[in-house]
Amino acid sequence: MVKKASLLIIVILAGFLLANPVKRAPSYIETPSERSIVLHDSTKKLSQGTIDAVVEKNLAAGRKPNRLVKEKSPYLLQHAFNPVDWYPWGEEAFEKAHKEGKPIFLSIGYSTCYWCHVMEREVFENDSIAALMNKFVVSIKVDREERPDIDRVYMTALQAMTGSGGWPMSIFMTPDLKPFFAATYIPPTPKSGRAGFSDLLQHIHEIWTHDRQKIYESSEKVGEYLRQVSAPAVKATEAGQEELEKGFASFSRMYDSRNAGFGSAPKFPRPVSLYFLLRYYKRTGEQHALEMSLETLRKMARGGIYDHVGGGFHRYATDERWHVPHFEKMIYDQAQLVISYLEAYQITHDVFFAEVARDILAYVQRNMTDSNGGFYSAEDAESVIDRSNPEKKEEGAFYTWTKKEIDANLSAQESRVLDYYYGVQDKGNVVAGPQRSLGAKNILYIAHSMEETAKYFNLKPESVRKTLSLAKEKLSQQREKRPKPHLDDKILVSWNGLMISAFARAYQVLGSEEYLRAAEHASSFVLKTMYDPKTRILLRRYRDGEARFEATLEDYAFLTQGLIDLYEASLDIRWIKNAIELTERQNALFYDSKDGGFYDITGSDKTILIRTKESYCGAEPAGNSIAIFNLLRLSQMTDNRNYRQMAERSLAYFGQQMTTSPQDVPQFLAALDFSLSKPMQVIIAGKPRNQDTQAILKELHSRFIPNKIVLLADATEGQEVLSSYIPFVEGIRMVNGKATAYICENYACQLPTSDLRVLAQQLDRKQGTK
């Protein structure tokens with residue numbers, strides 16, 4: 001039971017903690033903003049996520065929906081039949097709160113969030129609790145993936161008030177949108193020291209009714225704190241080699257030498273850290289940076305965090321050895337990890353890393369790709385156990401196996417080999433699952449190597465490999481008969497940008513034409529459906545015929561990066577033209593010409609209390625880090641000195657953070673590494689699809705040369721466009737009618753060559769990293 005007096009203290013002082021706030025916890029937060037614009041609208045559904053079937057079933061059963069049924073967000077649609085009188089974020093809800101003099105309850109989550117599901121079942125489906133909510137507050141539901149700008153504001157408040165963050169996010173705030181109480185999951189009744197939602201709601205109502213001024217005073221303090229943290233006094237700091245060394249030292253201290261990865265459980269993949277470490281290795285030759293990265297990639301791919309039957313990585317591991325995952329799958333993890341494994345393959349030429357990359361991409365093509373080319377957002381962690389009881393779900397139900405299930409679907413020999421290789425046990429191989437004991441269930445992980453398994457069964461490794469391949473195919477077919485996890489089929493520009501980069505880079509390294517087609521298909525879809533070239537408006541989210549919400553810095557930056565990568569893969573000039581156009585628009589909308597750096601949102605939506613410059617690189621890189629990286633690359637590709645100056649000013653803006661907390665900003669360190677180098681400029685004279693041009697590209701991309709650009713002089717429009725930026729390119733020609741490579745630095749080139757052996761020598765002599 002929450003006592004009125006104690007709650008009043010919480011409400012008044014929740015703020016402060018703000019007088020001496022905790023450092024903002026590294027979190028999984030994305031980027032920024034909105035404006036409700038519908039660019040394309042259609043009755044045609046490009047993808048049928050499971051949420052559509054659920055909505056139709058509820059309507060057919062005569063259940064009364066709330067106004068969220070008109071929304072497109074899968075998360076909001078999951079709540080469309082709650083007895084709560086939900087509103088989407090917008091003026092209708094704000095006006096109601098002002099008119100009726102009620103506080104606002106803001107609930108922020110996403111459709112594949114496990115504890116969001118729990119709170120819905122326990123709280124928002126509870127008729128008596130819903131009645132209290134409808135009586136005492138105006139309730140607003142927000143999908144954090146559609147609206148990271150809203151999420152960022154209230155996550156900052158939550159972390160300041162409680163010292164931590166997470167979802168579902170539960171915020172009580174005044175009608176002018178300033179928070180005065182914040183929490184994550186709230187149970188329906190008191191539990192484990194947590195206040196029950198009903199009691200909390202009633203006591204907030206009492207204080208709101210009898211001592212409202214205190215709440216407003218508290219909310220004003222919270223609002224002032226938010227304004228202060230959004231505009232900190234920053235001294236421009238020029239970072240250099242020392243910051244790179246500090247970053248390496250920081251990750252070395254965090255490294256788990258026994259299980260790999262960084263820190264303790266729960267363990268997140270966090271590819272941005274590997275992205276920096278591999279570049280630090282390339283710059284310095286520091287073997288430990290390479291070893292930490294490779295061992296982390298190996299341990300993750302062997303662990304239960306990896307889906308050994310269907311491919312792709314789960315969100316994170318709940319234990320220190322990567323065995324027991326939180327089973328949710330996110331497209332941004334797949335995209336970034338593909339690049340990590342590709343770069344490991346370029347360095348080592350170990351096919352293990354290439355095979356993992358291929359498996360991830362196969363999963364994305366099979367499960368996460370829309371028929372029109374865009375990439376979906378996520379798959380849920382939980383699913384229905386038994387179709388006859390569709391209301392009962394369990395985390396991991398789709399992915400885990402009993403020994404009995406395995407034996408029923410495989411031959412005796414296949415079962416024996418698979419059980420040994422993947423650690424399957426009669427009583428299950430998990431002591432405790434993410435939230436509960438998994439009993440006799442098994443999570444597949446590589447318990448023994450291929451060689452150990454071959455020796456144990458007195459077989460050849462190739463025979464074991466074939467047996468396992470056949471066994472996994474049988475299990476995959478059986479698994480497809482199970483009820484599938486919910487698919488969040490909205491298409492986000494930012495995450496599609498990351499996936500475009502992954503497919504483009506995979507084409508460069510692995511050579512499969514289907515990867516290039518996937519990257520081109522997705523890029524064409526986004527630019528056609530979510531971008532208006534006349535107004536140069538980019539929208540963030542597409543689903544069910546509707547493109548909506550003003551794009552953020554993250555959207556512009558990640559898509560631009562994908563287009564630059566796609567140009568370097570395809571050498572089709574249209575992609576670099578699109579990248580430059582988006583960059584110009586990004587600079588106009590987000591760049592801070594006074595201090596440097598980019599704002600996360602345009603500032604056009606006045607309901608967003610603060611305008612931030614995100615720096616933390618967690619599950620995804622910060623939008624600023626990629627925007628800076630893009631400027632550095634484009635400055636090399638177009639000789640645009642203004643781009644270079646903007647990048648340098650922005651690096652200086654974040655320089656102090658690179659000095660004091662380099663582990664929080666690894667993608668900035670990677671951009672810094674590029675800025676400190678003299679990038680290799682590879683200019684190829686030839687036709688992009690000709691065999692001799694492809695042979696040069698294959699030789700180039702067989703090496704890990706991170707700080708480089710690739711341009712094509714094709715004697716057509718592409719060369720004309722590039723020459724308008726860099727006149728030097730106009731004179732690049734094939735030699736003796738053969739595709740010819742020019743290896744340059746600051747456009748001073750070595751002797752051009754069509755000889756692959758000479759090219760290899762030039763590449764090996766000059767890696768462009770010092």
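Read on for an overview of the structure. (Residues numbered from 1 in each chain as written. Predicted model: local features only at pLDDT ≥ 70, side-chain atom pairs only at ≥ 80, totals over all residues. Heavy atoms only, no water.)

1. Some thoughts on the state of the cysteines
Under the defined criterion, the tally for this structure stands at two disulfides. Across a sulfur-sulfur distance of 2.3 Å, Cys 113 and Cys 116 are joined as a disulfide pair. The sign of the S-S torsion, about 80 degrees, decides the handedness of the disulfide formed by Cys 113 and Cys 116: right-handed. For the residue pair Cys 113 and Cys 116, the accessibility class agrees, reading buried in each case. Disulfide partner of Cys 744: Cys 749, at an S-S distance of 2.0 Å. Around the S-S axis, the bridge from Cys 744 to Cys 749 shows a dihedral of about 90 degrees and counts as right-handed. What makes Cys 749 partly exposed here is its relative accessible area of 31%. Described in terms of the sequence order of its bonded cysteines, the disulfide pattern of the chain is 1-2, 3-4. (Disulfide = S-S within 2.5 Å. Buried < 20%, exposed > 50% of the residue type's maximum accessible area, 1.4 Å probe, protein only.)

2. Some words on the side chain of Gln 762
By the secondary structure assignment, Gln 762 is in helix α29 (residues 756-765). Judged by relative accessible area, which is 4%, Gln 762 ranks as buried. Those residues in contact with Gln 762 that lie beyond four places of it in its chain are Ile 743, Gln 750, Leu 751 and Thr 753. (Helix = DSSP H or I, 4+ residues; strand = E, 2+ residues; numbered from the N terminus. Contact = heavy atoms within 4.5 Å.)

3. Quick notes on the packing of aromatic side chains
By the definition in use, this model includes 42 aromatic pairs. For the ring pair Tyr 114 and Trp 115, a centre distance of 5.4 Å and an interplane angle of 85 degrees mean the geometry is edge-to-face. Judged by relative accessible area, which is 12%, Tyr 114 ranks as buried. Under the relative-accessibility criterion, Trp 115 is labelled partly exposed at 36%. Directly above the ring of Tyr 87 sits Arg 67, whose terminal nitrogen or CZ lies 3.7 Å from the centroid. Stacked on the ring of Tyr 363, the Lys or Arg Lys 329 has its end atom at 4.0 Å from the ring centre. (Phe/Tyr/Trp six-rings, centres within 6.5 Å; stacked < 30°, edge-to-face > 60°. Lys NZ or Arg CZ within 6 Å of the ring centre and 35° of its normal.)

4. Let's talk about the pattern of salt bridges
Opposite charge on two side chains allows them to pair when their charged atoms are near. Applying the stated criterion across every chain yields a total of 54 salt bridges. The partner of Asp 143 in a salt bridge is Lys 490, with the nearest N and O atoms 3.3 Å apart. You can see Asp 143 sitting in strand β3 (residues 138-143) and its partner Lys 490 sitting in the loop between β14 (487-488) and β15 (491-492), a full 347 residues away along the chain. By relative accessible area, Lys 490 is classed as buried at 0%. As a salt-bridge pair, Asp 592 and Lys 613 come within 2.6 Å of each other at their nearest N and O atoms. (Salt bridge = Lys/Arg side-chain N within 4 Å of Asp/Glu carboxyl O.)

The analysis is restricted to geometry; functional conclusions fall outside its scope.
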